[in-house]
Amino acid sequence: MFKILELKNTESALPAEVGYGYNTREQALAAVKKHLTTFKISGRNPEGDYWWVRDSEGLRKYWISSAD
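Only a predicted model underlies this, so the values are computations on that prediction, with no experimental measurement involved.

Relative to strand β2 (residues 16–22), strand β1 (residues 2–7) runs antiparallel, the two being bridged by four bridges. Counterpart to Glu 6 in the pairing with β2 is Ala 16.

So, in structure tokens, the structure goes:
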């Protein structure tokens, strides 16, 4: 199982889970890409291990984590 985690800003203590869990990493990847399309400004870090978006609430980071 894989999950998508969201950290809304540097003041957030813990990341929140986005979605409901995915059986494969490919499913989680497709879900995070679809979620990112809801934002006007987004990108991915050069190493490719997380995505970011900027909106009226500030900077958010997303990454895929194993649920194990």
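Here we come to the packing of aromatic side chains. Here the structure, examined in full by the defined rule, presents one aromatic pair. Summarising the aromatic geometry, the rings of Phe 39 and Tyr 62 are spaced 6.4 Å apart at their centres and angled 50 degrees between planes, so their arrangement reads as tilted. Taken together, the positions of Phe 39 in the loop between α1 (25–36) and β3 (41–44) and Tyr 62 in strand β5 (residues 58–66) put the pair 23 residues apart, joining distant regions of the chain. Here Phe 39 matches Tyr 62 in class, with each residue buried. Positioned over the ring face of Tyr 50 is Lys 61, at 4.9 Å from the centre of the ring.

Here five strands make up an open sheet; going across it, the order is β2-β1-β5-β4-β3 and the pairing antiparallel. Two strands close off the open sheet at either side, each with one partner strand: β2 and β3. Within the sheet, the average angular offset between the axes of one strand and its neighbour, ignoring direction, is 20 degrees. α1 rests against β1, β2, β3, β4 (51–55) and β5 of the sheet, and its axis sits at about 165 degrees to β5.

Let us now look at the pattern of salt bridges. Following the criterion strictly, the structure yields four salt bridges and no others. Salt-bridge contacts for Arg 60 lead to Asp 55; the nearest nitrogen and oxygen are separated by 2.8 Å. Relative accessible area serves as the criterion here: at 25%, Asp 55 is assigned to the partly exposed category. One salt bridge in this structure joins Glu 57 and Arg 60, with 3.2 Å as the shortest N-O distance.

Moving on to the confidence of the model for the protein. In the predicted model, the protein carries a mean pLDDT of 87, and the fraction of residues at 70 or more is 96%. Per-element confidence in the protein ranges from a low mean pLDDT of 87 for β2 to a high of 92 for β1.

Rules of the game
Residues numbered from 1 in each chain as written. Predicted model: local features only at pLDDT ≥ 70, side-chain atom pairs only at ≥ 80, totals over all residues. Heavy atoms only, no water. Pairing = 2+ DSSP bridges. Helix = DSSP H or I, 4+ residues; strand = E, 2+ residues; numbered from the N terminus. Phe/Tyr/Trp six-rings, centres within 6.5 Å; stacked < 30°, edge-to-face > 60°. Buried < 20%, exposed > 50% of the residue type's maximum accessible area, 1.4 Å probe, protein only. Lys NZ or Arg CZ within 6 Å of the ring centre and 35° of its normal. Axes fitted to C-alpha atoms, helices over the stretch in contact; angles between N-to-C directions. Contact = heavy atoms within 4.5 Å. Salt bridge = Lys/Arg side-chain N within 4 Å of Asp/Glu carboxyl O. pLDDT = per-residue confidence, 0-100.

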